[in-house]
Amino acid sequence: MSQFWSHTNWYILLGLAAVTQVAYTLHRSENRLRTLGFYLTIAGLPLYFETFVLIFLDAYEYYPKIIRNPELDPFNDVLSGNLFSQFGVASSALLLAVRRKPLYWNAIVAGIYSLVEILFLRLGIYRHHWWRTWMTFIGLLAFFAIAKWMYARLMRGVRPFYLYVYTILGLFPLCNIVLMWGVLDLFGYMRFATTLLPDHPRLSRYGLYLTFSTVSYILVVWGYTRIHWIWRIAALAAVGLLIYLGYRSHLMIFREGYGLPIGFLIIGWTYGAVWALDTLYGKRLTNR
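Anyway, here's the lowdown on the structure attached to this text. (Residues numbered from 1 in each chain as written. Predicted model: local features only at pLDDT ≥ 70, side-chain atom pairs only at ≥ 80, totals over all residues. Heavy atoms only, no water.)

1. Quick word on the layout of surface pockets
Empty space within the largest pocket amounts to approximately 520 Å³. In terms of lining, the largest pocket is formed by 22 residues, of which the most central are S85, Q86, V89, T136 and L140. Residue assignment for the lining of the largest pocket shows that the elements contributing at least two residues are α2 (32-56), β1 (60-62), α3 (75-98), α4 (103-123) and α5 (133-156). For the lining of the largest pocket, the element with the highest residue contribution is α5, accounting for six residues. Class assignment of the residues belonging to the lining of the largest pocket gives a composition of 16 nonpolar, four polar and two charged. Space inside the second largest pocket adds up to approximately 280 Å³. Elements represented by at least two residues in the lining of the second largest pocket include exactly α1 (2-28), α3 and α4. Element by element, the count of residues in the lining of the second largest pocket is highest for α4, at six residues. In the lining of the second largest pocket, the residues fall into 12 nonpolar, two polar and one charged. (1 Å grid on protein atoms, 1.4 Å probe; cavity = no way out; pocket = protein on both sides within 12 Å on 5 of 7 lines; lining within 4 Å. Points joined across faces, edges and corners; volume = space filled by probe spheres on them. Helix = DSSP H or I, 4+ residues; strand = E, 2+ residues; numbered from the N terminus. Nonpolar A, V, L, I, M, F, W, Y, C, P; charged D, E, K, R; others polar.)

In structure tokens form, the structure reads like this:
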């Protein structure tokens, strides 16, 4: 309980701030479905970025003390802290973009997050390795500018290629975070191997995560946008082949007896997530 008050509650407060910003933005939005879809898209941006700087480049570390199961990889707790951070900054980017806040608000909000980062450092619930707070400030200014540009393009009507990118980004929180990590990995139904790079097990595991998910998303989105149903089936079959090859090569490890149902679950969930994003965006993928 002491770790809840010293560590976890600060992350929960960050999460509540994110929920409040998203709720306010949705309330004031002219098209709430589209705004929700855009939030999932821009949440994917910092999540992809964080994959590189947190996991591959070891820039910093979170200590939320949320996942403390000794049977799980302790790095999962770091990842849980990352989610509060990235969904938080995405909620602010959403508010700034949808409400069309002046440019100086980008600097104000980036400054607030920088102060929060300094507080977390002082509290010992977050630690820099080679990262510095000024990098956070500059990075957030760039992120907020990109989010505003993306939202302006969306409002004017984006070309199909950009809409594909928006959808693929939105699949990261819906599939990587909710299904593959939040359900399958944490509950022990499926994990990626750490043996591909024996000297770097973390890079092996999450490199496979990123490679499999990104290729799968591209295939499913491509198939979803085809008019003829045969191409949709072919795209889903290609994802199934990836899962089978991952299983046979021991790069994807399933709980005994669950390989086939989990494979179908991943395929169905991904296709359903694409459909959900297309619905939120007003069926633009299939009605161009």
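2. Structural notes on empty space enclosed by the protein
The final tally for this structure, using the stated rule, is two cavities of 30 Å³ or more. Of the pockets and cavities examined, the largest cavity occupies roughly 220 Å³. Together, 15 residues line the largest cavity, and T51, I55, F172, I177 and Y206 are the ones closest to its centre. Elements supplying a minimum of two residues to the lining of the largest cavity: α2, α3, α6 (160-185) and α7 (201-224). It is α2 that provides the largest number of residues to the lining of the largest cavity, a total of five residues. For the lining of the largest cavity, a count of residues per class yields 11 nonpolar, three polar and one charged. Roughly 40 Å³ of volume is contained in the second largest cavity. Around the second largest cavity sit C175, M180, F212, S213, S216, Y217, I266 and T270, which together line it.

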